[in-house]
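# What the coordinates show
Here's the letter readout for the chains.
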Protein chains: 2
Amino acid sequence: MYFLAHNVAKKHNIGTMARCCTAFGVKSLVLIGSRQFNTFGSHGADGHVHFEHFDSLEEAREKLKGERGCTQILGVEIVDDARAIESHPFTGNTAFIMGNEGHGMTEAQKAICDGFVYIPQYGPGTASLNVSVAASIVMHHFASWAGYEERSREGEKFIVAERPQRTRKRGEVGESPEQVRARRAAARALDKEQETRGEDAIADADI
Amino acid sequence: MYFLAHNVAKKHNIGTMARCCTAFGVKSLVLIGSRQFNTFGSHGADGHVHFEHFDSLEEAREKLKGERGCTQILGVEIVDDARAIESHPFTGNTAFIMGNEGHGMTEAQKAICDGFVYIPQYGPGTASLNVSVAASIVMHHFASWAGYEERSREGEKFIVAERPQRTRKRGEVGESPEQVRARRAAARALDKEQETRGEDAIADADI
């Protein structure tokens, strides 16, 4: 299971979402757009979560449906043909994407989805759920459907692993080796192009 | 479904829990101990939630199992014989009680329970869930099991009712008519007793 966070507005929602991601076995929390995030509310869980970064929604869809083998990208949104989450409309590895607090999903976000799920509500007092509450309910159902192995417990707590050594700056998604290679190749290509264009062209360039 | 909050520590958890309560059709959010609460995080949903107050855990159990017709009081805690929440171990009207953040349920809280449910976790990074996340997953499953009627929607939001006129001070649970009657009866009985004991006894009393 993958979880996409695109323009999540409130500063502590990435932190609390990271805590939920590790509780429910999310493979990576995918940030789109900004590489920076705030880990407030994660209770240290962000050290255990694998973060990934993609520049655009389109790139995220291509990678998730391609090499990551997701059969579906499901939007969490109350649209007409959305299926109730407890009906488990899953077909295999899945990436979930949710809207921003208060505004729901944008058309661009909906455009990368294969379908939608929603969480039924029963009372009169609130139009929507808090983002991390909604995310957790979705993750909980997927993990249960997928039959993930339950974490062992000790007394009344699930066992927390040693925090892995930090290999990136806290609160920022670093580049993957693949992204580093792509960036370097692009820089080399640019150097070559500039050599070809000669000194005059460089002098004219907007640098 | 009833939800008991006893010594919930973080100030905004009652507010966010109130929002979840109204989303999932909780009949009343029962405060035990303090009548005061903080509504931060409720997004106004606290105006729609029915709050009740009991002085003690024992009083709560008696009323919930008695006149409120609950077949079970279920603790949400990872104890040895706890059942996974998605197995829906429900038998009728149910009151749920959760522990305090970080410390789990106390022995006194466990003592009023007929059984326990827990939320399975699958990852290495966190020992427990945020209280409002855990509460929401529990409420969501109960509402789904009980077949509560889904709230109607308008576009991509569930319809929020007009906020009912406030009949109590915000952030405080008032007394129910029954509690007012009981308090007045006790006061009258005390007056009578004091009259009987006479002026001398009153002068000696520790007032």
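Here goes a summary of the coordinates provided. (Residues numbered from 1 in each chain as written. Chains lettered and ligands numbered in written order. Predicted model: local features only at pLDDT ≥ 70, side-chain atom pairs only at ≥ 80, totals over all residues. Heavy atoms only, no water.)

### What to know about the interface of chain B and chain A
- Facing 50 residues of chain B, the contacting portion of chain A comprises 51 residues.
- For the pair chain B and chain A, the two sides together bury roughly 4,800 Å², of which 57% comes from carbon and sulfur.
- Its largest share of buried area at the contact with chain A, chain B owes to Tyr122(B), Glu156(B) and Phe158(B), together 16% of the area lost on that side.
- Remark: the boundary between chain B and chain A carries 0 salt bridges.
- In this structure, the connection of chain B to chain A is made through 8 residue pairs in polar contact (both at pLDDT 80 or more).
- For the side of chain B that touches chain A, the leading source of residues is helix 4 (residues 131–146) of chain B, giving 8 residues.
- For the side of chain B that touches chain A, the per-class residue count stands at 22 nonpolar, 17 polar and 11 charged. (Contact = heavy atoms within 4.5 Å. Buried area = accessible area lost by both parts, 1.4 Å probe. Salt bridge = Lys/Arg side-chain N within 4 Å of Asp/Glu carboxyl O. Polar contact = N/O pair within 3.5 Å; in protein donor to acceptor, adjacent residues only side chain to side chain. Helix = DSSP H or I, 4+ residues; strand = E, 2+ residues; numbered from the N terminus. Nonpolar A, V, L, I, M, F, W, Y, C, P; charged D, E, K, R; others polar.)

### Brief notes about the sheet that holds strand 2 (residues 28–32) of chain B
Residue and element names in this part refer to chain B.
- Strand order in the open sheet made by the 7 strands is 3-2-1-6-4-7-5, with parallel pairing throughout. Looking at which strands have only one partner, the edges of the open sheet turn out to be strand 3 (51–54) and strand 5 (83–84).
- Sheet topology places strand 2 next to strand 3; 4 bridges connect them, and they run parallel. Along strand 3, the bridge assignment pairs leucine 29 with phenylalanine 51.
- Sheet strands in contact with helix 2 (residues 57–65) are strand 1 (2–6), strand 2, strand 3, strand 4 (72–76) and strand 6 (94–98), and its direction is about 175 degrees off that of strand 1. (Pairing = 2+ DSSP bridges. Axes fitted to C-alpha atoms, helices over the stretch in contact; angles between N-to-C directions.)

### Concerning the nonpolar core
- Counting residues in each nonpolar core, the largest one holds 70 residues, and the members touching the most others are Phe3(A), Leu29(A), Phe96(A), Phe3(B) and Phe96(B).
- Once residues within four sequence positions are removed from consideration, Phe3(A) is found in contact with Met17(A), Cys21(A), Val26(A), Ser28(A), Leu29(A), Val30(A), Phe96(A), Met98(A), Ala135(A) and Met139(A). (Core = buried A, V, L, I, M, F, W, Y, C linked by side-chain atoms within 4.5 Å. Buried < 20%, exposed > 50% of the residue type's maximum accessible area, 1.4 Å probe, protein only.)

### Details of the packing of helix 1 (residues 13–23) of chain B against helix 4 of chain B
Residues and elements named next belong to chain B.
- At their nearest, the axes of helix 1 and helix 4 sit 9 Å apart, and the two run at 20 degrees to each other. As the angle between them shows, helix 1 and helix 4 are arranged roughly parallel. As helix 1 packs across helix 4, the resulting crossing turns out to be right-handed. From helix 1, Asn13, Thr16, Met17, Cys20 and Cys21 reach across to helix 4, where they touch Val131, Ser132, Ala135, Ser136 and Met139.
- Looking at the contact of helix 1 with helix 4 residue by residue, the classes come out as 6 nonpolar, 4 polar and no charged. (Parallel < 35°, antiparallel > 145°, perpendicular 65-115°, else oblique. Left-handed = near helix turned anticlockwise from the far one by under 90°.)

### Points about the pairing of strand 6 (residues 94–98) of chain A
Residues and elements named next belong to chain A.
- Counting buried residues along strand 6, 5 of its 5 residues qualify, which places the element largely inside the surrounding structure.
- With burial as the criterion, each face of strand 6 is covered, one bearing Thr94, Phe96 and Met98 and the other bearing Ala95 and Ile97.
- Two elements, strand 1 (residues 2–6) and strand 6, share 3 bridges in a ladder whose sense is parallel. Along strand 6, the bridge assignment pairs tyrosine 2 with alanine 95.
- Here strand 4 (residues 72–76) pairs with strand 6 via 5 bridges, running parallel. Of the residues in strand 6, the one forming a bridge with leucine 74 is phenylalanine 96.

### Observations concerning the sheet that holds strand 3 (residues 51–54) of chain A
Residues and elements named next belong to chain A.
- With parallel pairing, 7 strands are arranged side by side in an open sheet as 3-2-1-6-4-7-5. Either end of the sheet is taken by a strand with one partner, and the two such strands are strand 3 and strand 5 (83–84).
- Across the sheet, helix 4 (residues 131–146) touches strand 1, strand 4 and strand 6, and the angle it forms with strand 6 is around 165 degrees.

### Description of the packing of aromatic side chains
- Summed over the entire model, instances satisfying the criterion amount to 16 aromatic pairs over all chains.
- Taken together, a centroid distance of 6.3 Å and an interplanar angle of 70 degrees make the contact between Phe142(B) and Tyr148(B) edge-to-face.
- In textbook terms, an aromatic cluster arises when at least three aromatic residues are bridged by ring pairs, as seen for Phe3(A), Phe90(A), Phe96(A), Phe142(A), Trp145(A), Tyr148(A) and Tyr122(B). (Phe/Tyr/Trp six-rings, centres within 6.5 Å; stacked < 30°, edge-to-face > 60°.)

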